Each structure stands twice: as C-alpha cells, then as structure tokens.
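Residue-level structural notes
Below are the chains, spelled out letter by letter.
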Amino acid sequence: GKSWAWGRVALTGAGAVLTSGFNVAGTVRNGVGSVQIQFTRPLTNNNYAVIITARGVGGSAIAFAEDPTFFEVQRADVGGALIDADFTFEVKALP
C-alpha cells in the first residue's frame with residue numbers, strides 16, 4: 001500500500017515530540033513508553049499497517065488500537081519493560 005503517514009518521535013518523560021513527519025497532527029504521551037499518534041487526514045477505515053523501528057535504545061515498539069484517526073505505540077527495552085525512548089514509524093494504507 002501507499003505511505004499514508006510517517007514520523008520520527010522523540011519520547012521522554014516530558015512528552016512525545018514529533019521531530020519530523022508527514023500527515024501527523026499530533027503526538028500524546030499517555031505514560032511511560034506509551035504514545036498516541038494522531039493523523040492530520042484520517043483514513044477511511046482501520047485497515048492499515050504500521051511499521052515501527054526502535055531508535056537509540058535497543059528494544060521493541062509495537063502498534064495497537066489502530067483507528068482511522070490515530071494509533072497507539074508502546075516502546076519497550078530489550079527486557080520488555082516500557083521505556084521513554086525514540087522511534088520511527090510508517091503507516092501503509094491497505095487496499
């Protein structure tokens with residue numbers, strides 16, 4: 001599918017800052033390692049894929065709660081504990 005949105009997020013205890021991106025209206029830190037990404041232009045449904053890459057600190061990042069207007073990310077360290085650490089993402093709209 002085509003790239004619907006992308007971004008690089010700096011996640012700290014002070015908040016989630018979009019340092020660069022496309023079609024992202026905002027980021028909200030919901031707690032340690034938890035971020036909501038809001039689209040500028042929503043999708044027509046929740047049939048899309050999110051590709052996420054952990055940055056800076058090893059570990060993982062997963063997408064969940066996909067909605068036409070937003071999705072959420074949980075960022076974890078290599079042991080699985082939620083942490084505030086950077087990540088990048090790309091949203092692919094599916095046919």
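The sections below set out a description of the structure shown in this document. (Residues numbered from 1 in each chain as written. Predicted model: local features only at pLDDT ≥ 70, side-chain atom pairs only at ≥ 80, totals over all residues. Heavy atoms only, no water.)

1. Digging into the nonpolar core
As a reminder of what qualifies: For this analysis, a nonpolar core means a set of buried residues of the types Ala, Val, Leu, Ile, Met, Phe, Trp, Tyr and Cys, connected via side-chain atoms within 4.5 Å. Using a 1.4 Å probe on the protein chains alone, a residue whose accessible area is under 20% of its type maximum counts as buried, one over 50% counts as exposed, and one in between counts as partly exposed. Between two residues, a contact is recorded if the distance between any of their heavy atoms is within 4.5 Å.
Among the nonpolar cores identified, the biggest contains 20 residues, and Ile37, Phe39, Phe71, Phe87, Phe89 and Val91 are the most heavily contacted of them. When near neighbours in sequence (up to four residues on either side) are disregarded, Phe87 contacts Gly7, Arg8, Val9, Leu11, Val35, Ile37, Ile52, Thr53, Ala54, Arg55, Val73 and Arg75.

2. Observations regarding the pairing of strand β7 (residues 70–76)
The condition that has to hold: Only runs of H or I of at least four residues qualify as helices and only runs of E of at least two qualify as strands under DSSP, and these elements are numbered from the N terminus. A pair of strands is treated as paired once DSSP finds two or more bridges between them.
Summarising burial for β7: five of the seven residues are buried, a large majority. The pairing of strand β4 (residues 34–39) with β7 spans five bridges and is antiparallel. What sits directly across from Ile37, in β7, is Phe71. Inspection of the sheet shows strand β6 (residues 60–64) paired to β7 by five bridges, in the antiparallel sense.

3. Structural notes on the sheet that holds β6
What counts here: Here, axes are lines fitted to C-alpha atoms. For helices the fit covers the stretch in contact, and angles between N-to-C directions go from 0 to 180 degrees.
Read across the sheet, four strands follow the order β3-β4-β7-β6 without closing on themselves; strand pairing throughout is antiparallel. The outermost strands of the open sheet, each flanked by one partner alone, are β3 (24–31) and β6. Taken pair by pair, the neighbouring strands of this sheet meet at an average axis angle of 25°, ignoring direction.

4. Here's the deal with the sheet that holds strand β5 (residues 48–54)
Taken together, four strands build an open sheet; the order of strands is β2-β1-β8-β5 and the sheet is antiparallel. Edge positions in the sheet fall to β2 (15–22) and β5, since each has one partner strand and no second. Between one strand axis and the next, the sheet turns through 25° on average, direction left out of account.

5. Some details on unusual backbone geometry
Its identity as a non-glycine residue notwithstanding, Asn23 has a phi of 60°, on the positive side. Its location among the elements puts Asn23 in the loop between β2 and β3. Despite not being glycine, Ala65 has its phi angle at roughly 55°, a positive value. Tracing the sequence through the fold places Ala65 in the loop between β6 and β7.

6. Side note on the side chain of Ser34
Residue position: Ser34 is located in strand β4. Owing to a relative accessible area of 12%, Ser34 belongs among the buried residues under this scheme.

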